[in-house]
Amino acid sequence: MFAKRTGWDLRPNKLSKKLAEMRARGEEIIDLTESNPTRVGLHYPDELLKELADPRGLLYEPDPRGLLPARKVVASIYAAKGAPVDPERIFLTASTSEAYSMLFRLLADPGDQVLVPRPSYPLFGYLAGLNDLETVFYPLHLGTDGHWRVGLKELEEAMTPRTRALIVVHPNNPTGSCLTYEERDQAAALCARRGIALICDEVFAEYRTPAGRRVPATLLKEGGPLTFALGGLSKWMGLPQMKLSWIACAGPDSEVSGALARLEVIADTALSVNTPVQAAFPRWAGFAPTIQRQIRERVQSNRDWMKKLLPADGGWNGVLELPGVRDEESWALELLERRRVLVHPGYFYDFEQSGIAVVSLLLPSGGFQEGIRRLLANSATIQT
Ligand SMILES: Cc1ncc(COP(=O)(O)O)c(C=O)c1O
């Protein structure tokens, strides 16, 4: 009865099973995987909800690209980063995930391939699979300095005649690594040579680590291949529930105009972005700095306290190496059972190396520090 593309193994993994049992018993657990900004005690100005009462929200005048005043705000974000983009080259979407689906529909046919970094965001496999595409990994290599670098040689080798797009994540989730200027130019040149599109996921771009390397503020750039930069309110101002994201497009004029004309039809089939949020966005943008500042301060104070994390250029997550831990799943299960702390084992993000734990840096410092203390107490292999 069901399509093969939905033939997933839906059995809960051991960690989520154990977590559900413990929560059902009412046990207190420190969740070091909490990455939902609306659940970590940030202050959101009351005016945000009031803006949703704007009478323009009662008028339905859909534009497949999204309402122009909202697109102008997105254009101003890129202009501030030195990458001006015409609002006509911007599409609003309900989420970044939806933006991926639209781009996959635009660029690829069933059975085609998209290149994704490893380790990275685990949803890529699902997003590609739902559009009948395959993901092919290219590696990020961990250097002796603790920084991750794009495996360009492997990236080029991974390309086949069925490759339709290269996805780069800047900063990457969870490694926090950005592309350097050189890596950006090499990736762009490779895409141009192969005639494939470059998709730059920049959802975490506002959260750069002060001690991070010197890297581009955005990978959107004229003079390169057909390029799509993705961002959205879920990270840009910590409002995942508002469902507003965007695609900004650059590249050779003929390719851009072809892409825009087709994206317009794709967007027009659903018109999925709701009007009240689009109408509120221009004024919401004025509150973005206060929310971004809180997130930056939270993440930075947790990074400063937990010095053992691998260095990062940005993002909300921390990566911890656990030398000697071979079986991450058993280790994470034991940590949950014995110390009541939840972390993501590295294999969730397809890390090649074993002995990796990923922790969210969004928690208030008290809970974060207690969680890390318990984690360390459970591990003979790392010292504070
Ligand atoms: C790298 C990356 N891209 C995209 C998304 C999804 O963003 P959205 O909530 O806008 O769909 C996430 C969510 O965590 C992410 O980590």
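Residues numbered from 1 in each chain as written. Predicted model: local features only at pLDDT ≥ 70, side-chain atom pairs only at ≥ 80, totals over all residues. Heavy atoms only, no water.

A word on helix α11 (residues 288-305)
Taking 1.5 Å of rise per residue, 18 residues should cover 26 Å, and α11 covers 26 Å from first to last C-alpha, within 8% of that figure. Ala288, Ile291, Gln292, Ile295, Arg298, Val299, Gln300, Asn302 and Arg303 are the residues of α11 that are buried. Residues of α11 that are buried make contact with α2 (47-50), α8 (233-236), α10 (275-284), β10 (317-321) and α13 (365-377). (Helix = DSSP H or I, 4+ residues; strand = E, 2+ residues; numbered from the N terminus. Expected span 1.5 Å × (residues − 1). Buried < 20%, exposed > 50% of the residue type's maximum accessible area, 1.4 Å probe, protein only. Contact = heavy atoms within 4.5 Å.)

Some remarks on the domain arrangement of the protein chain
When its domains are assigned, the protein chain resolves into domain 1 (4-43 + 289-377) and domain 2 (47-285). Here the C-alpha centroids of domain 1 and domain 2 sit 25 Å apart. Across the contact, 29 residues belong to domain 1 and 39 residues belong to domain 2. Counting the surface lost from both domain 1 and domain 2, the interface buries some 2,900 Å², and carbon and sulfur atoms represent 59% of this. Considering only the side of domain 1, the residues that lose the most area to domain 2 are Asp313, Trp316 and Tyr349, jointly responsible for 23% of the buried surface there. Between domain 1 and domain 2 we count 2 salt bridges in total. For Arg213, the salt bridge identified is with Asp313, shortest N-O distance 2.7 Å. (Domains from an automatic or database assignment. Buried area = accessible area lost by both parts, 1.4 Å probe. Salt bridge = Lys/Arg side-chain N within 4 Å of Asp/Glu carboxyl O.)

Observations regarding the site of the ligand
As a matter of local geometry, the ligand sits amid Ser95, Thr96, Ser97, Tyr121, Val169, Asn173, Asp201, Val203, Phe204, Ser234, Lys235 and Ser245. Contact between the ligand and Thr96: an oxygen atom at 2.6 Å from a side-chain N or O atom of the residue. Calculation on the ligand without its partners gives an accessible area of 400 Å², and the protein chains cover 87% of this total. Listing elements by their share of the shell around the ligand, those giving two or more residues are α4 (96-107) and α8. (Near = heavy atom within 4 Å. Polar contact = N/O pair within 3.5 Å; in protein donor to acceptor, adjacent residues only side chain to side chain. Areas by Shrake-Rupley, 256 points an atom, 1.4 Å probe, with all protein chains shown as cover.)

Notes on the nonpolar core
Within the largest apolar cluster, 68 residues are counted, with the highest numbers of intra-cluster contacts made by Leu32, Leu233, Met237, Trp246 and Leu375. Among the elements that make up this core, the one with the highest residue count is helix α3 (residues 68-80) (6 residues). Both of domain 1 (4-43 + 289-377) and domain 2 (47-285) provide at least three residues apiece to this core. Met237 has contacts with Tyr44, Leu48, Tyr207, Trp284, Phe287, Ala288 and Ile291, leaving out every residue within four places of it along the chain. (Core = buried A, V, L, I, M, F, W, Y, C linked by side-chain atoms within 4.5 Å.)

Thoughts on the sheet that holds β10
The sheet built from 3 strands is open, its strands ordered β10-β13-β12 with antiparallel pairing. The open sheet terminates on both sides in strands that have one partner only, identified here as β10 and β12 (344-345). Of the strand pairs in this sheet, β12 and strand β13 (residues 356-360) are connected by 2 bridges, and their pairing is antiparallel. Counterpart to His344 in the pairing with β13 is Val358. (Pairing = 2+ DSSP bridges.)

What about unusual backbone geometry?
Following Arg118, the chain continues to Pro119 via a peptide bond in cis, the omega torsion being 5°. Topologically, Pro119 is positioned in the loop between β3 (113-118) and α5 (124-130). Of note, the bond from Asn173 into Pro174 is cis; its omega dihedral lies within 30 degrees of zero at 10°. Examined against the element boundaries, Pro174 turns out to sit in the loop between β6 (163-169) and α7 (181-194). Phi is positive for Lys243, close to 55°, though the residue is something other than glycine. You can see Lys243 is positioned in the loop between α8 and β9 (245-250). Phi is positive for Arg340, which is not a glycine, with a value near 60°.

Things to note about the sheet that holds strand β8 (residues 227-232)
In space, the 8 strands of this open sheet follow the order β2-β9-β8-β7-β6-β3-β4-β5, with mixed pairing throughout. The open sheet is flanked by β2 (90-93) and β5 (148-150), the only strands paired with a single partner. Within this sheet the neighbouring strands show an average axis-to-axis angle of 25°, counted without direction. Pairing analysis gives 6 bridges linking β8 to β9, with the strands arranged antiparallel. Pairing of Ala229 across the sheet is with Ala248, part of β9. Docked against the sheet, α4 engages β2, β3, β6, β7 (197-201), β8 and β9, running at close to 160° with respect to β8. The sheet strands contacting helix α9 (residues 253-268) are β2, β8 and β9, and the helix crosses β2 at an angle near 25°. (Axes fitted to C-alpha atoms, helices over the stretch in contact; angles between N-to-C directions.)

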